[in-house]
Amino acid sequence: MTGRLQGRVALVTGASRGIGYQLAKLLAAEGAHVVAVARTVGGLEDLDDEIRAAGGATTLVPLDLTDMAGIDRLGGAIHERWGKLDALVVNAGALGVLAPIGHIQAKVFDKTMRLNVDATWRLIRTADPLLRAAPAGRAVVMSSGAAHSAKAYWGLYAATKAAGEAMVKSWANETRSLPLRVNSVNPGATRTAMRALAMPGEDPQTLPSPAEVAASVLPLLTDETTETGRLFDVRQNRFLTYRDPD
Ligand code: NDP
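Only a predicted model underlies this, so the values are computations on that prediction, with no experimental measurement involved.

Novice: What exactly am I supposed to notice about the site of the ligand here?
Specialist: The ligand sits among 29 residues. The nearest are Arg 39, Thr 40, Asn 91, Tyr 157 and Thr 192. Between the ligand and the protein, one listed contact pairs an oxygen atom with a side-chain N or O atom of Lys 161 at 2.9 Å. At 2.8 Å from an oxygen atom of the ligand is found a main-chain nitrogen or oxygen belonging to Thr 190. Burial of the ligand by the surrounding chains reaches 95%, relative to a free accessible area of 880 Å². Contributions of two or more residues to the shell around the ligand are made by helix 1 (18-29), helix 6 (155-175) and helix 7 (193-198). Counting residues per element, the shell around the ligand draws most heavily on helix 7, at three residues. Grouping the amino acids of the shell around the ligand by side-chain chemistry returns 13 nonpolar, eleven polar and five charged.

Shown next, in the form of structure tokens:
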């Protein structure tokens, strides 16, 4: 296999289906060894079959990302095997529930925060030294338009995505002088299980496929991208400009 990511190691969470699955395939097609994380072994095995058939390489990691110690162990294993990580894709996420802010069950709130926020931070923490050890580390954290749209009933999910974007911006400011580049991505409405859960009445065929979205995200994980601390909007195929800090 030859490609832009030959010899590189890429960690993708939420790789068992949807956007993460497709992005993992594209990273492998560019030559990266893909460390694929999710809970569903069948989905990971399907991914492995596809990547291997195309001549690529994977390491499958069946892991519930609400297991923080598991994330730490994964970082340790990557350190032992490769001593570096070239690309991090924090993609696994959950919608939680669409409900008035005062009606969200504490159990659902905590679980959604744990996956979308705590695990995002824990992955960043474990990957940061590994990404710094790579010659041109790249990280992408999946956000959503919900982080900014303040739509009624989307408060829980929106809060988790806003938290992810805030972490990415600070992380970028801490690493700006390094080769490491870290960005958030708003994939936009995409034909996946999560979107169907949020919008059951919508015709999925009217939406871009996860493969199309993944193709737009891929350049953010290559040397091509020199931006850091920004939000990439897939629909507009460009980085959006944040308001300057006060
Ligand atoms: P899917 O629901 O299709 O896939 C979610 C992925 O996350 C699956 O691989 C799932 O694997 C994994 N995951 C969920 N919970 C856990 C867990 N506890 N531990 C480990 N892995 C977990 O989602 P999408 O592909 O649609 O979403 C990908 C990202 O894009 C998400 O962060 C989402 O918020 C964001 N996004 C999506 C949009 C859309 O329209 N689809 C719009 C805006 C943002 P498994 O169940 O096997 O563990």
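Novice: Would you explain the pairing of strand 3 (residues 57-62) in this entry?
Specialist: The side chains of a regular strand alternate, residue by residue, between the two faces of the sheet. Bridge analysis of strand 2 (residues 33-38) against strand 3 gives six bridges, and the strand direction is parallel. Bridging from a neighbouring strand, Ala 36 pairs with Leu 60 of strand 3. Each parallel crossover has a hand, and the one from strand 2 via helix 2 (residues 41-53) to strand 3 is right-handed.

Novice: Honestly, the packing of aromatic side chains in this entry has me stumped. Any pointers?
Specialist: Ring pairs (aromatic) are described by centroid distance and by the angle formed between their planes. A complete count under the given rule lists two aromatic pairs for this structure. Taken together, a centroid distance of 5.8 Å and an interplanar angle of 65° make the contact between Trp 154 and Tyr 157 edge-to-face. Under the relative-accessibility criterion, Trp 154 is labelled buried at 11%.

Novice: Whenever I open this one, the side chain of Asp 128 confuses me. Can you help?
Specialist: Mapping Asp 128 onto the fold places it in helix 4 (residues 106-133). On the basis of relative accessible area, Asp 128 is assigned to the buried category, the value being 17%. When residues no more than four places from it in sequence are discounted, the contact partners of Asp 128 are Trp 171, Thr 175 and Leu 180.

Novice: I tried to follow a positive patch on the surface on my own but got confused; where do I start?
Specialist: Taken together, Arg 17, Arg 39, Lys 107 and Lys 111 make up a surface patch of like positive charges. Along the chain, Lys 111 turns up in helix 4.

Conventions adopted
- Residues numbered from 1 in each chain as written.
- Predicted model: local features only at pLDDT ≥ 70, side-chain atom pairs only at ≥ 80, totals over all residues.
- Heavy atoms only, no water.
- Near = heavy atom within 4 Å.
- Polar contact = N/O pair within 3.5 Å; in protein donor to acceptor, adjacent residues only side chain to side chain.
- Areas by Shrake-Rupley, 256 points an atom, 1.4 Å probe, with all protein chains shown as cover.
- Helix = DSSP H or I, 4+ residues; strand = E, 2+ residues; numbered from the N terminus.
- Nonpolar A, V, L, I, M, F, W, Y, C, P; charged D, E, K, R; others polar.
- Pairing = 2+ DSSP bridges.
- Right-handed = clockwise from strand over helix to strand, strands pointing away.
- Phe/Tyr/Trp six-rings, centres within 6.5 Å; stacked < 30°, edge-to-face > 60°.
- Buried < 20%, exposed > 50% of the residue type's maximum accessible area, 1.4 Å probe, protein only.
- Contact = heavy atoms within 4.5 Å.
- Patch = residues over 30% accessible without salt bridge, like charges linked within 9 Å, V, L, I, M, F, W, Y side chains within 5 Å.
- Salt bridge = Lys/Arg side-chain N within 4 Å of Asp/Glu carboxyl O.
- Lys, Arg positive; Asp, Glu negative; His and termini not counted.
- Charge placed at Lys NZ, Arg CZ, Asp CG, Glu CD.

Structural measurements only, silent on function.
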